[in-house]
Each structure stands twice: as structure tokens, then as C-alpha cells.
Number of protein chains: 2
Amino acid sequence: MITVAVDCMGGDVGPAATLPACAAFLASHPQAQLLLVGQPEAFKSWPQLLNNVRCRVVHASEVVTMDDPVEVAMRRKKDSSMRVAIQHVKDGVAQAAVSAGNTGALMAISRYLLKTMEGIDRPAIASQMPNARGGATTVLDLGANVDCTAEHLLQFAVMGSALVVAISGREDPTVGLLNVGEEVIKGSEVIKQAGVLLRNAANTGDLNFFGNVEGNDIFKGTTDIVVCDGFVGNVALKASEGLATMIGGFIKAEFSRSIFTKLGALFAYPVISAFKKRMDYRRYNGAALLGLRGLVFKSHGSADAFAFEQALARAYDAAHNQLLEKVRERIAHAAPLIDPEAIPSDLKSIPTI
Amino acid sequence: MITVAVDCMGGDVGPAATLPACAAFLASHPQAQLLLVGQPEAFKSWPQLLNNVRCRVVHASEVVTMDDPVEVAMRRKKDSSMRVAIQHVKDGVAQAAVSAGNTGALMAISRYLLKTMEGIDRPAIASQMPNARGGATTVLDLGANVDCTAEHLLQFAVMGSALVVAISGREDPTVGLLNVGEEVIKGSEVIKQAGVLLRNAANTGDLNFFGNVEGNDIFKGTTDIVVCDGFVGNVALKASEGLATMIGGFIKAEFSRSIFTKLGALFAYPVISAFKKRMDYRRYNGAALLGLRGLVFKSHGSADAFAFEQALARAYDAAHNQLLEKVRERIAHAAPLIDPEAIPSDLKSIPTI
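Reference entry: report on the structure contained in this document.

Conventions used here
Residues numbered from 1 in each chain as written. Chains lettered and ligands numbered in written order. Predicted model: local features only at pLDDT ≥ 70, side-chain atom pairs only at ≥ 80, totals over all residues. Heavy atoms only, no water. Least-squares fit on C-alpha atoms with pLDDT ≥ 70 in both. Contact = heavy atoms within 4.5 Å. Pairing = 2+ DSSP bridges. Helix = DSSP H or I, 4+ residues; strand = E, 2+ residues; numbered from the N terminus. Axes fitted to C-alpha atoms, helices over the stretch in contact; angles between N-to-C directions. Buried area = accessible area lost by both parts, 1.4 Å probe. Salt bridge = Lys/Arg side-chain N within 4 Å of Asp/Glu carboxyl O. Polar contact = N/O pair within 3.5 Å; in protein donor to acceptor, adjacent residues only side chain to side chain. Nonpolar A, V, L, I, M, F, W, Y, C, P; charged D, E, K, R; others polar.

Structural notes on the relation of the copies chain A and chain B
Mapping chain A onto chain B leaves a residual RMSD of 0.0 Å; the transformation is a rotation of 180 degrees accompanied by 0.0 Å of translation along its axis. One copy is carried onto the other by what is essentially a two-fold rotation axis. Both copies share a contact surface, since 100% of the interface residues of chain A are interface residues in chain B too.

If you want it as C-alpha cells, here you go:
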């Protein structure tokens, strides 16, 4: 049995999304148990959860809102559903926690309660984006760390590899370093230094390093994992969401233009619906907070029940496939590489183009 | 009359794209003249250009290839079509140059020959991306500068504003600072410092600063201009191109799946074609190299004749609307702001979240 602690109050939608997601998740995961954390009144109209032997309600009197500053979430809301869910992971009662709440608060509370894993300086946020190969590319960091060193990027690469092994079952996944060109002389100083560390890690067998990749490689699926700092990752993720939303809006507008185009939509319906399914980012919902001494998954704030269910499934898979141990082993093995001496001092002389 | 110098050999396609583009451009721009720079044999089958009184062929014996390192382009190919075209801008014979050649070489040769404008530390690459408002968002820098200071970002904002005024005729365009959140406390140290400088510039009337924007705002069209460092801009641009390509591929694949979906495509044809037109990034081809003492426009390397023609039109508009003077005036006015003293020393104490 795997127990997942669920922050039922978090996100833009709250219990109206999280509770149906929990019911659907339990139905498809017979080996799972859930701790439903939230305010008592939220569960009133859910007898099928209250009466389910694989569910237990845990009361929490407060809710972290999407706008709460980190300090408020941390210091003034000590009985929030978010915090209580994570506390259950810390206490070993649950093997993972899932929340659709405010990312900054979730990361801060998770770091505070669970602490960072040995050998990790900074936890990272990793998520999947669909790619043209029909699979998904795991990208990290997506916003936890706006300023990163080369060592942080190496840690992200190692943790991302462990995640893909645990979630996708793919052995020896490939890692790309996000850059502005494929050549090793490209990029900022930090990126060039990270390139050196990642190549060293490939030589010692700690990573399957592909080399530099560019923004379009995320969607081409050139590598299983793409590593970048949280600023770049966050911008790439949100720009892609913005573009996908714009394209969706264009298609809708064009098909609703006249009676003829509406008729066209009717005929094109099977295609539009297949396309929609293929592009459905809800399927990829559930970002991992990696590098902590416990598993925490972040659902998109606007997730509906279907999307939140995916995040629950992802957290379950990670716990079931022992993601935590996989990260720990890989980081311990790669530790000698994460050493400032590993970067040659003459690297600064490589010209930036 | 405005004269544009054209590197006819550059890009993946070369004269097969640039020469028909020149012919079409001349037909639609009666006040334009072109200097066609390239190897003599390239023009042989183009009597309509050779005989056009508004065209003059300038011979250049060499071609900068897409793979040429900057050093090769700069030192070993001094008679390249790219360099000769830019030399004509320097000499005042042409008011702008356009090339589809290798970006690194184009920027390096442009900087070397034209020099940087007074008050500008680093030239930037600015281009337009379509937005959901039916217009376009101007984004810079798109890859010329991988490491930027706050002062560089302020210079980009000022130059981008001048570009939008010159190209779109929009007075007082809004500027957004690309960040990982809207709040002023978000982002890296450089971004927070840039926020201070941009707010100061708004107070002195040098900029219409909107505030922080996120990746999705590029496609929402929240602001006319989005400012970022070249690393982030390049990743956002290429990720968006990658996603658009993937979506295009999905639509094509879904419509070709069976006889029924092909029939659907037939009925949906007017919509697909309107959608394609709306999404046609070729319309936005032609990135400005800003901050130089002369106008240079970069066409996408894979541009076809239609796309290259857009780049020519953009260069013409920029010259016609005196972009260079507009940038110079705005930078001179904003110069007092570009002063490290303008950043309060206690900014470092703002927490990074």
C-alpha cells in the first residue's frame, strides 16, 4: 500500500476539483490509500470518500491562498491543509504529498519541513512537456531557482534522470543542456561550466549526457530530459502555454466564423477531438519537487478533476517506484563530480559568442 | 528614395529566395532602390532585376556559410556578400542592409564595421511574435547577449520602444520586463535591478513601463515590447517555434489519418487556410540589429521568397521612418538613467523567492 497525502483545499478550484479526482484515483489504484487534508465542511457532500476504507480525512483549519506571500503561508498559517499534508510525509505516515496550491509556499514549506537531501543545494521543480515523438520531455528547473550555478545544473540533471527512470521506466535517459546553440563554446559562463560538469558526469557513467540542446528540442523530443535554470525554464514553460492557448483560441475563432466554417467543424470533428486529446496538457499535470527528503508533487493551480487525478497518479508512481531512493543513490554516486575543482580555471577564456 | 543593400547569397536558400523577394519588393515599393550583393553568376537568370533602373548589382566574391565560425567570416572572407552589403551602409550608399546569413557572423561584422551607437554597450536583436490581440509583440534580446546587466536591459527597452514607434507607428508603446512572476520582488538580482531602472525611466517619461510580465504575456500581447536577456529570449523564441512546428505536424497527421479525416480536411479547408495564414510566422520575418550606427536586418536563415520580402519591407520601413535617429534621441535622453548609482545599494536585501 502507498499512502498519498492530498491538500484538498489548494488551487484555484479547491475541493470541487481535488475530491472527484481523489475518488477517480482510488477507483483506478487499488493499492493506494489517501489522506484527505482540509476543512471539515469540504468533505460533507462526499460520502463515497468518507465511507471508503482506503481514505482518511485529516482536519486542517487553514488554507494557503494562491496570493498568500510565502511568509504568511509559513508563519501565520501553521495549520494549513498544505502544511499538514507535507507534515504527514515528514512523519512517514504518507509516502508523497500532492497540492495544487501556490508554488512558492509549497516549495518553502516543503523545504522547511522535509529539508534538502544530502548532496543537494537546491530543490528543483520538474515537469513533463509533450513532444513530437509522442512522448514527453522532462524539463527542470521550472522556477524554483532563478539564479543557478553549474553545480546546481548538474544536480538537476542527476535528479531529473532519477525521475525519468522512476516515472517512465526508461533506463539511462538522455540529458540535454538548454543553450542558445549546439556548440560547446555557446552560452553564458555558467552554462559553459555546466557543460564541463555534465561531460565529466557522462565520462564517469553518472549521466547519459547528449550535449547542448535548444528551445525547440524540448518539443522535438531530442532528449528525455532538458536541464536549465528556473528562470529560463519558467519562461519557456509559460511562453509555450501562452502560445498553445493562443493557437487554441485561433482555431475556435476560425471555426465559429460563419455557418460554413461551423459545418466544416462538424466534419472535422474527429480530427479536432484527436488533436485536442493529443495536445491536452492536463495529461502532463503533476510537477515533482526534487531534492527533498520526501516526495511532494505540485499540480497546476487551475487543474480540474482530470488534471488533478494525473498529479495523484504521478505521485503514486514516484512513491511506488522509489524515486526518493533513486535520487539519493544517484546523487551519492555523482557527489565527487559536484566539486568546484572539477571546472578548469581556464574556462573563462572561452569566448562568448 | 531609400536604398537597401541585400546580401543575396545568405541563408539556407540563397538567391533562389532572395532574388524573387527583391523583385516582389521592388514592385510594391516604388520609392525603394536595391543594391544586390553577390556572386555574378547568381544574377544571370534574373533579367528583370538586371534591367530594373532601381536595382544595381554589386559583386562580392565570397559567401559566409551558415556554419562558418565568426572568425572565418570576419578575417578570411573579407569580400563576402554579407560584409560588402554592410560596408555599403557604413559608406552611406545604402540606408539599411538585409541578410539571411548566419546570425553570429552578421552581428560580429555589423559591430566591427558600423560600431555601436553612443550610449549603447551591447547591440540587441529584436523581432516580432504574433499575439492573441491580432498584433505582434516585439521581443528583445533574442540571442546577441547571453549575459546581461540591468543597464543593458534598460538600453534594450529604450531601443525596442524606438523600433515599435518606427515600424508600427504606435506612440508610447508599453514595455514589459520578462520575469517569473508579476511582483517586483520576483526574479534574479539582475532582473530586480532592471526593474528599478525601468521604473525610474517611466518616472522621467523615457519609457512606458508596464511592469513585470511572464512568458505567456508574449502571446497574450499584454505589452507592445518584452525585454529579456538574449539567453532567455532565444530559448523562448525557439521553444515557441518548436511548439508551433509540433502542433502543425499533429494537425497534418490527424487530417491524413484516413479517408474520412481527409474528407474532413476538405470541409475544414477554409478554416485551416485562415488559421495557417494567421499563424504564418513568415509575416514576422526580419529581426532588427539595434544599437549600431547603421540599420541591419536579419532574415530567418530558412526564409523563402515571401518571408525574405517581409524582411526587406521591414528594413525599408525602419529606414523610411528614421529608426536610427529615433534610437539615438531616446538613448541620449535616457542616458542619465543608465548609471550604476541609480540602483539603490540596499536592493540586494530584497529576498529572492
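Back to the text.
Some thoughts on the sheet that holds strand E8 (residues 208-213) of chain B
All names here are of chain B. Overall, mixed pairing links the 11 strands, which are arranged E3-E2-E1-E4-E11-E10-E5-E6-E9-E7-E8 in an open sheet. Only two strands of the sheet have a single partner each, and these edge strands are strand E3 (55-59) and E8. When the angles between neighbouring strand axes are averaged without regard to direction, this sheet yields 25 degrees. Here strand E2 (residues 32-38) pairs with E3 via five bridges, running parallel. Across the sheet, residue Val-37 finds its bridge partner in E3, namely Val-58. Against the sheet, helix H1 (residues 15-28) contacts strand E1 (2-7), E2 and E3, and its axis sits at roughly 170 degrees relative to E2. Sheet strands touched by helix H5 (residues 103-114): strand E4 (96-99), strand E5 (124-130), strand E10 (287-290) and strand E11 (295-298). Its angle to E11, the strand with the most contacts, is close to 175 degrees.

Digging into the interface of chain A and chain B
On the side of chain B, 49 residues touch chain A, which itself brings 49 residues to the contact. With both sides pooled, the region where chain A packs onto chain B buries about 4,600 Å², and carbon together with sulfur makes up 80% of that total. At the surface where chain A touches chain B, the tally comes to two salt bridges. Put simply, A:Lys238 and B:Glu214 hold a salt bridge, and the shortest N to O gap is 2.1 Å. Inspection of the region where chain A meets chain B yields six residue pairs in polar contact (both at pLDDT 80 or more). The set of elements that each furnish at least two residues to the side of chain A that touches chain B consists of helix H3 (70-76), helix H7 (189-203), helix H8 (215-220), helix H9 (230-255), helix H10 (259-267) and helix H11 (269-279) of chain A. Per-element tally for the side of chain A that touches chain B: the top contributor is H9(A), with 19 residues. Tallied by class, the residues present in the side of chain A that touches chain B amount to 28 nonpolar, 13 polar and eight charged.

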